[in-house]
Amino acid sequence: MNDTTSSNERQQSTEALRRHLKSAKSLREQINFDPTGARQRLALRQWQAARLARSHADLLASPRFGQAAQFFISDLYGPKDFSSRDEEVERILPLLVKMLPASALRTVALAVELDALTEQLDAAMVAELCRAGVLERGQQIDEDSYAAAYRAVGCQAERQRQIVLIGETGRALDKLARKPVLTGLLKLMRRPAQLAGLGDLHEFLERGFNAFRAMGSATDFLESIDGKEKRLLGNLFAGVVRPFAL
């Protein structure tokens, strides 16, 4: 990659980071302003994480793919609140742009875009589940109520984009994991990052790097996730009986 290409990629990633950080922050502030809304959002995300664990149980149980599957569920699409990580990114963005390799900067940008889109879709799901009386009555979300809310919200293009972003983030991490020099760099950065209040960001990068490096090529792993999530999306929008039976 020449200097011009690297500079352009860095600029695009920086602009994307700023845009998606702002979007994710705004959505989180809206939902966290109301303690009830925050609990409802957590209930939705816990259900979705459990669904992911069921759908991808084979990957979680795999000696080769298990660590990456756990990272996928906990750090890319799960009940965890990414506020601290994103605040760290926002606070030191000018420094990140100078210090991180363009490929690592793009990885963070993709993860934050996925986070922002997920916040948007989850907010719509919470509103619909409340409208249907599921969350407001304290009922447990089940497959039928989730599927009904999913279809009512719609946003099929956004759901498709969400799956694309999962794949793009995974491939970006896979490329990073193939760069041995980053192993030493991440280890050296661990203590300084913690002292600088950047622990969440560093841990995210290190967990992702280690998970993808441990399994070797991520092609089979990412194709498995992509195939199942696309089938599930199709089942849900088509109103298939037992759409989660993949």
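This write-up is about the structure you can find in this document.

What counts and what doesn't
- Residues numbered from 1 in each chain as written.
- Predicted model: local features only at pLDDT ≥ 70, side-chain atom pairs only at ≥ 80, totals over all residues.
- Heavy atoms only, no water.
- Helix = DSSP H or I, 4+ residues; strand = E, 2+ residues; numbered from the N terminus.
- Buried < 20%, exposed > 50% of the residue type's maximum accessible area, 1.4 Å probe, protein only.
- Contact = heavy atoms within 4.5 Å.
- Areas by Shrake-Rupley, 256 points an atom, 1.4 Å probe, with all protein chains shown as cover.
- Axes fitted to C-alpha atoms, helices over the stretch in contact; angles between N-to-C directions.
- Parallel < 35°, antiparallel > 145°, perpendicular 65-115°, else oblique.
- Nonpolar A, V, L, I, M, F, W, Y, C, P; charged D, E, K, R; others polar.
- Salt bridge = Lys/Arg side-chain N within 4 Å of Asp/Glu carboxyl O.
- Phe/Tyr/Trp six-rings, centres within 6.5 Å; stacked < 30°, edge-to-face > 60°.
- Lys NZ or Arg CZ within 6 Å of the ring centre and 35° of its normal.

1. Concerning the overall build of the protein
In step 1: When its secondary structure is counted, the protein shows 12 helices and zero strands.
In step 2: When the helices and strands of the protein are listed from N to C terminus, the series reads α-α-α-α-α-α-α-α-α-α-α-α.
In step 3: Within the protein, the fraction of its 246 residues that count as buried is 51%.
In step 4: Sequence separation of at least 24 residues holds for 78% of the intrachain contacts in the protein that already meet a minimum separation of 6.
In step 5: Carbon and sulfur atoms make up 53% of the accessible area of the protein, which amounts to about 12,100 Å² in all.

2. Observations regarding the packing of helix H9 (residues 156-177) against helix H12 (residues 219-238)
In step 1: It is at 10 Å that the axes of H9 and H12 come closest, and there the two elements cross at 175°. In terms of orientation, H9 and H12 fall into the roughly antiparallel class. Contact residues: Gln156, Arg159, Gln160, Ile163, Ile166, Gly167, Gly170 and Arg171 in H9; Leu222, Ile225, Asp226, Glu229, Lys230, Leu233 and Phe237 in H12.
In step 2: For the contact of H9 with H12, the class distribution of residues is six nonpolar, four polar and five charged.

3. Topic: the side chain of Thr118
In step 1: Looking at the element boundaries, Thr118 is found in helix H7 (residues 102-131).
In step 2: Among all residues touching Thr118, those that are not within four sequence positions of it are Arg45, Tyr77 and Gln162.

4. A short note on the pattern of salt bridges
In a structure, side chains of opposite charge can pair up when their charged atoms sit close to one another.
In step 1: One pass over the structure, following the stated rule, counts 12 salt bridges.
In step 2: One salt bridge connects Arg28 with Asp115, and the closest N-O pair in it is separated by 3.0 Å. Taken together, the residues span a long stretch of sequence, with Arg28 in helix H1 (residues 3-32) and Asp115 in helix H7 at a distance of 87 residues.
In step 3: The buried category is assigned to Arg28, whose relative accessible area is 4%.
In step 4: In this structure Asp115 comes out as buried when scored by relative accessible area, which is 3%.
In step 5: Linking Lys228 and Asp58 is a salt bridge whose minimum nitrogen-to-oxygen distance equals 2.9 Å. Placement of the pair is Lys228 in helix H12 and Asp58 in helix H3 (residues 57-61), with a sequence separation of 170 residues.
In step 6: By relative accessible area, Asp58 is classed as partly exposed at 44%.

5. Some words on the packing of aromatic side chains
The geometry of an aromatic ring pair is captured by two quantities: the separation of the ring centres and the angle between the planes.
In step 1: Considering all chains together, one arrives at eight aromatic pairs under this definition.
In step 2: Plain terms: the ring middles of Trp47 and Tyr146 are 4.4 Å apart, the flat faces sit at 25° to each other, and that makes the pair stacked. Of this pair, Trp47 sits in helix H2 (residues 35-55) while Tyr146 sits in helix H8 (residues 143-153), and the two are 99 residues apart along the sequence.
In step 3: Ring centres 6.5 Å apart and planes at 90° place the aromatic pair Phe71 and Phe212 in the edge-to-face group. Of the two residues, Phe71 is situated in helix H4 (residues 66-76) and Phe212 in helix H11 (residues 199-215); the sequence distance between them amounts to 141 residues.
In step 4: For Phe71, a relative accessible area of 4% corresponds to the buried category.
In step 5: Members of the aromatic cluster, joined through ring pairs, are Trp47, Tyr146, Tyr150, Phe237 and Phe244.
In step 6: The ring centre of Trp47 lies 5.7 Å from the NZ or CZ of Arg54, which sits over that ring.

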